[in-house]
Amino acid sequence: MARMNMIQALNSAMDVMLGRDPGVVVLGEDVGYFGGVFRTTDGLQRKYGEHRVLDSPISELGIVGTSIGMAVNGLRPVAEIQFADYIYPGYDQIVSELARLRYRSAGDFYAPVTIRTPCGGGIRGGQTHSQSPEAIFAHVCGVKVVMPSNPHDAKGLLIAAIEDDDPVIFLEPKRLYNGPFDGDPAKPAVPWSSHPRGEVPEGHYTVPIGKAQVVQAGRDVTVVAYGTMVHVAEAAARSLDIDAEIIDLRTIAPLDTDTLCESVCRTGRCLIVHEATRFGGFGGEISATIQEQCFWHLQAPIGRVAGWDTPYPHAFEWEYFPGQKRVAMALKAIMSAS
Amino acid sequence: MANRPRTRLHVPQPPARPGDRADFSYLKLQPAGAQPRPDVKVSALATPPLATGLVRVLDDEHRAVGEWHPHLEPEVLQAGLRHMLLTRIFDERMQRTQRQGRISFYMRSLGEEAVSVAQAMALRPGDMLFPSYRNQGLYMVRGRPLVDLMCQLLSNTRDMCKGRQLPVMYHWRKGNIFSISGNLATQFPQAVGWAMAAAIKGEDHVASTWIGEGSSAEGDFHAGMVFAEVYQAPVLLNIVNNQWAISTFQGTAGGEKSTFAARGPGYGVAGIRVDGNDFLAVHAVTQWAAERARKGGGPTLIEHVTYRASAHSTSDDPSRYRPKDEYERWPLGDPVQRLKMHLIALGKWSEDRHAALARELEEEVAAAWREATQHGTLTEGPRLDPDLMFEDVFKEMPQHLLRQREQLRAERG
Ligand SMILES: Cc1ncc(C[n+]2csc(CCOP(=O)(O)OP(=O)(O)O)c2C)c(N)n1
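Here the structure is a predicted model, which means the values were calculated and not measured.

*Asks:* Please set out the overall build of chain A residue by residue, giving values where relevant.
*Replies:* Counting secondary structure elements, chain A contains 12 helices and 14 strands. Taken against the 2.2 N^0.38 rule, which gives 20 Å for 338 residues, the C-alpha radius of gyration of chain A at 19 Å falls within 12% of a compact globule. Across its three principal directions, the C-alpha atoms of chain A cover 60 × 50 × 40 Å. Here chain A holds 338 residues, and the buried ones make up 63% of them. The long-range fraction of contacts in chain A, counting pairs at least 24 apart against all pairs at least 6 apart in sequence, stands at 79%. For chain A, the accessible area works out to roughly 12100 Å², and carbon and sulfur atoms hold 53% of it.

*Asks:* Please set out the sheet that holds strand β2 (residues 24–28) of chain A residue by residue, giving values where relevant.
*Replies:* Residue and element names in this part refer to chain A. With mixed pairing, the seven strands of this open sheet are ordered in space as β3-β2-β4-β5-β7-β6-β12. The open sheet has two edge strands, β3 (53–55) and β12 (251–253), and neither has a second partner. Going across the sheet, the axis of each strand differs from the next one's by a mean of 20 degrees, ignoring polarity. Relative to strand β7 (residues 168–173), helix α7 (residues 151–163) is tilted by about 160 degrees, and along the sheet it contacts β2, β4 (76–80), β5 (114–119), β6 (144–146), β7 and β12.

*Asks:* Can you lay out the domain arrangement of chain B for me, pointing to particular residues and giving the numbers?
*Replies:* The assigned domain composition of chain B is domain 1 (44–382) and domain 2 (385–413). For domain 1 of chain B versus domain 2 of chain B, the distance between C-alpha centres works out to 37 Å.

*Asks:* Describe the pairing of β2 of chain A, listing the residues and the values that go with them.
*Replies:* Residue and element names in this part refer to chain A. Summarising burial for β2: five of the five residues are buried, a large majority. Side chains V24, V26 and G28 of β2 all project onto a buried face; the interleaved residues V25 and L27 project onto the opposite face, where all are buried too. When β2 meets β4, the two strands line up parallel, connected through five bridges. Among the inter-strand pairings, G28 is bridged to a residue of β4, identified as E80. When β2 meets β3, the two strands line up parallel, connected through three bridges. The residue bridging V26 from the neighbouring strand is V53, located in β3.

*Asks:* Describe in detail the nonpolar core, supporting the description with residues and values.
*Replies:* In terms of nonpolar packing, the biggest core is built from 77 residues, with W68, F90, Y170 and F279 of chain B touching the most fellow members. Here the element with the most residues in this core is helix α9 (residues 279–294) of chain B; it accounts for 10 residues. The contacts of W68 of chain B, once residues within four sequence positions are left out, are Q35, P36, R37, P38, L50, V55, V57, I272, A284, V285 and W288 of chain B. Residues M17, L44 and A161 of chain A together with L388 of chain B belong to the second largest nonpolar core, which totals 68 residues.

*Asks:* Break down helix α12 (residues 324–336) of chain A for me, citing the residues and quoting the values.
*Replies:* Its 13 residues place the ends of α12 of chain A 18 Å apart at the C-alpha level, agreeing with the 18 Å of an ideal helix rising 1.5 Å per residue. All buried positions along α12 of chain A are accounted for by R326, V327, A328, A330, L331 and I334 of chain A. Where the residues of α12 of chain A are buried, they touch β10 (221–225), α8 (228–240), β13 (270–277), β14 (303–307) and α11 (317–320) of chain A together with α13 (399–412) of chain B.

*Asks:* Give me the sheet that holds strand β7 (residues 300–305) of chain B: which residues, what numbers.
*Replies:* Residues and elements named next belong to chain B. A sheet is described by the order of its strands in space; here five strands give the open sequence β1-β2-β3-β7-β6, paired in parallel fashion. Single-partner strands in this sheet number two, and they are β1 (128–130) and β6 (270–275). When the angles between neighbouring strand axes are averaged without regard to direction, this sheet yields 20 degrees. As judged from the three bridges shared by β1 and strand β2 (residues 207–212), these two strands associate in the parallel manner. Across the sheet, residue M128 finds its bridge partner in β2, namely A207.

*Asks:* Quick one: what's the story with the interface of chain B and chain A, residue by residue and with numbers?
*Replies:* For an interface, size is often stated in terms of accessible area lost upon the parts coming together. With 46 residues of chain B at the contact, the number on the chain A side is 39 residues. Interface area, chain B with chain A, both sides summed: about 3700 Å², of which 60% is carbon and sulfur. Among the residues of chain B in contact with chain A, L166, M389 and E411 of chain B are the three that bury the most area, contributing 17% of the side total. At the boundary of chain B and chain A, one finds two salt bridges. Taking the shortest distance from any N to any O, the salt bridge between E411 of chain B and R326 of chain A comes out at 2.7 Å. If you look at where chain B meets chain A, you find 16 residue pairs in polar contact (both at pLDDT 80 or more). No other element matches α13 of chain B, which puts eight residues into the side of chain B that touches chain A. Grouping the constituent residues of the side of chain B that touches chain A by class yields 20 nonpolar, 15 polar and 11 charged.

*Asks:* Which residues make up the site of the ligand, and what values go with them?
*Replies:* The local shell around the ligand holds 20 residues, among which E60 of chain A together with Y133, R134, S215 and W244 of chain B are the closest. The environment around the ligand is built from residues contributed by chains A and B. The separation between a nitrogen atom of the ligand and a polar side-chain atom of Y86 of chain A is 3.2 Å. A distance of 3.0 Å is found between an oxygen atom of the ligand and a side-chain nitrogen or oxygen belonging to N242 of chain B. Expressed as a share of its isolated accessible area of 590 Å², the protein-covered part of the ligand is 96%. Classifying every residue of the shell around the ligand gives seven nonpolar, eight polar and five charged.

*Asks:* Describe the confidence of the model for chain B, with residues and values.
*Replies:* Model confidence for chain B is summarised by a mean pLDDT of 97, while 100% of its residues fall at 70 or above. Under the prediction, the complex receives an ipTM of 0.97, its pTM being 0.97.

*Asks:* Could you give an account of the packing of aromatic side chains, with specific residues and numbers?
*Replies:* If you walk through the whole model with that rule in mind, you get 24 aromatic pairs over all chains. Where Y307 of chain B meets Y327 of chain B, the ring centres are 5.7 Å apart and the plane angle is 10 degrees; that geometry is what we call stacked. A residue pair is termed long-range when its members are at least 10 positions apart, and Y307 of chain B in the loop between β7 and α10 (326–329) and Y327 of chain B in helix α10 qualify at 20 residues. Among the residues examined, Y327 of chain B registers a relative accessible area of 26% and is labelled partly exposed. An aromatic cluster is defined as three or more aromatic residues linked by ring pairs; in this entry it consists of F24, Y26, Y307, Y327 and W330 of chain B. The ring of F181 of chain A carries the charged tip of R175 of chain A above its face, separated from the ring centre by 3.6 Å. Above the plane of the ring of Y33 of chain A lies R17 of chain B, whose end atom (NZ or CZ) is 3.7 Å from the centre.

*Asks:* Just give me the short version of the environment of M329 of chain A, but keep the residues and values in it.
*Replies:* Locating M329 of chain A in the fold gives a position in helix α12. Residue M329 of chain A is classed as partly exposed on the basis of its relative accessible area, which comes to 37%. When the C-alpha atoms of M329 of chain A and F279 of chain A are compared, they prove to be 19 Å apart, with 50 residues separating the residues in sequence. Not counting the four nearest positions on each side in its chain, M329 of chain A is found in contact with A410 and E411 of chain B.

Calculation notes
- Residues numbered from 1 in each chain as written.
- Chains lettered and ligands numbered in written order.
- Predicted model: local features only at pLDDT ≥ 70, side-chain atom pairs only at ≥ 80, totals over all residues.
- Heavy atoms only, no water.
- Helix = DSSP H or I, 4+ residues; strand = E, 2+ residues; numbered from the N terminus.
- Rg over C-alpha atoms; globule rule 2.2 N^0.38 Å.
- Buried < 20%, exposed > 50% of the residue type's maximum accessible area, 1.4 Å probe, protein only.
- Contact = heavy atoms within 4.5 Å.
- Areas by Shrake-Rupley, 256 points an atom, 1.4 Å probe, with all protein chains shown as cover.
- Pairing = 2+ DSSP bridges.
- Axes fitted to C-alpha atoms, helices over the stretch in contact; angles between N-to-C directions.
- Domains from an automatic or database assignment.
- Core = buried A, V, L, I, M, F, W, Y, C linked by side-chain atoms within 4.5 Å.
- Expected span 1.5 Å × (residues − 1).
- Buried area = accessible area lost by both parts, 1.4 Å probe.
- Salt bridge = Lys/Arg side-chain N within 4 Å of Asp/Glu carboxyl O.
- Polar contact = N/O pair within 3.5 Å; in protein donor to acceptor, adjacent residues only side chain to side chain.
- Nonpolar A, V, L, I, M, F, W, Y, C, P; charged D, E, K, R; others polar.
- Near = heavy atom within 4 Å.
- pLDDT = per-residue confidence, 0-100.
- Phe/Tyr/Trp six-rings, centres within 6.5 Å; stacked < 30°, edge-to-face > 60°.
- Lys NZ or Arg CZ within 6 Å of the ring centre and 35° of its normal.

Rendered as structure tokens:
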């Protein structure tokens, strides 16, 4: 075991896979010599060479398109899109190609591509460095969508993604890169070294894609979250002194409905928390699933806390961000409904 | 078997990395005055020599020479010097305020000032500009008050973007400068569309747009080129080749075996490669391309050969990926210094006047900063009303946003 922050854990995952599988290649803007603008690929080019860790031209379309071609020719590309906000030039290649290749060729062609990309706000990045686009990928059949909330899961999930024969969109909440964040920007930053999930095995291991995790067991209400919001939800529940069960989805698609619904049927109440905009957000899918399977067990309407339906505004970052207070208010409302 | 040829992936390498000696021997240069200036209606297919050569006017003795010499009045040159120096001093000051935590982020255009300043001066006020984030000189020429720019950087109560955008992402409708996007290269086809509209409406305005050589790898570049050629749009398409795109050198963007301007003739678009640190050459090439566009000659792709002397942004540390002494060894010099020396050679400027101008501009910037911060900073003073966050998503606020605005008010107590 070693202590790692999320950047080091992701780096370690790629290092392990580059070492184990000569078909793994890493590509993206600034990922090679420089090691990535967040330093996530630091040292990998030096270790594995320029043919395995490639600085790509600035074209997300090109990064995704050539990754598909490489994958079809037997490699396992791990592509970085510098910020999730910049993934859209590659969207057609993801939606129309990457996601459908296996289906349209009846399994004769497939493309095991992993697309890593930093997402989420809380770093004063304004509307082009803060988005959480998981829902627009979850809506596409044929790609898996993953978002870890801690270094341990980040490494295990990334290795699982690279080994997966299906394409995976791997979203990294950048506010969590250096430490857990409970939504309070006024508090001094906490490093991962003080958090149990900052303990990361050094070698190969996987965290299964498609499995949610109960991070805190409870009886009164189920809080469903992923990414940064797992930590915000934990802090909000603590502040209210209620016995909340907190589920970290970890994988957004395919959704682990069993874990979710078992929990909500037991607690009878549910709050869904995500940072992405609310309208058409992934919370709607979770809510519908729970309603279908737990309706007769529900004691209160299912609640949703999300980012407002506006672009992420630079000056109002903390009014926008669904912080502890918004989560706590929603939790109180759910607890008082009967 | 042993000698059977095998394919091998080619990975372009910059000539020098940290610890190496700067090396610009890869740059194809030409002496000032070497390029002939063809008629503005010349066929795009006749432009390859212009696209692979280098248009320069200022020679090593600070004289203006050759067919591209624009013969500008000394007052125009002095104005150009002033705008470039103002841009530089503004950049330096804003960089410092970021270091002090007063603004969240900044991007300088150090070393590239001639591109924006000479081009804005060569165009007409009615021409529409579609900039990238490194074109602040356009604002200096078109006369946007510095306080307005600073208030945007501060996201304060007088921010033109109402707190919604990252610093530097200005816009100016009245000044005909389009809103800067954080997403690279998107402005390229948009400028072409604006120019198509001008042609549809029968106006004689042209559009001009700028992207970095790195961003020219985006698909938007291709789309812009194709539409510009198909409709012969009156547009200037500028690639600012400042050698670096964050940590990747221009070879990673496709500049190793060809010039960027040479892509133009391939699309049927006139291509010109110009010394981007030569105010006179940039001005002359811009005038040429604008006249060509106005006379129905269609689009021009202009590559400005320059050097990004600053870090990419305040979040970047270039000493990690390029030699520290590169800018000192950059063969095309410094645009401010070169225009200054030319004016001195003409007998229309002096070191004393230059120093006095610098002092005057420093004071102008300092005074503007004092005024701008009265309207609040990121951390102190008056703040924008968070209600503003919900406006302008749509022209009229739909119900769900009205509800969310109420919810935020309740949340804030
Ligand atoms: C679509 C998109 N992809 C990636 C980025 C991240 N990014 C911002 S600036 C930059 C480098 C651009 O380099 P270049 O076009 O050469 O312009 P320069 O910064 O040198 O002026 C990158 C990769 C972005 N903003 N938008």
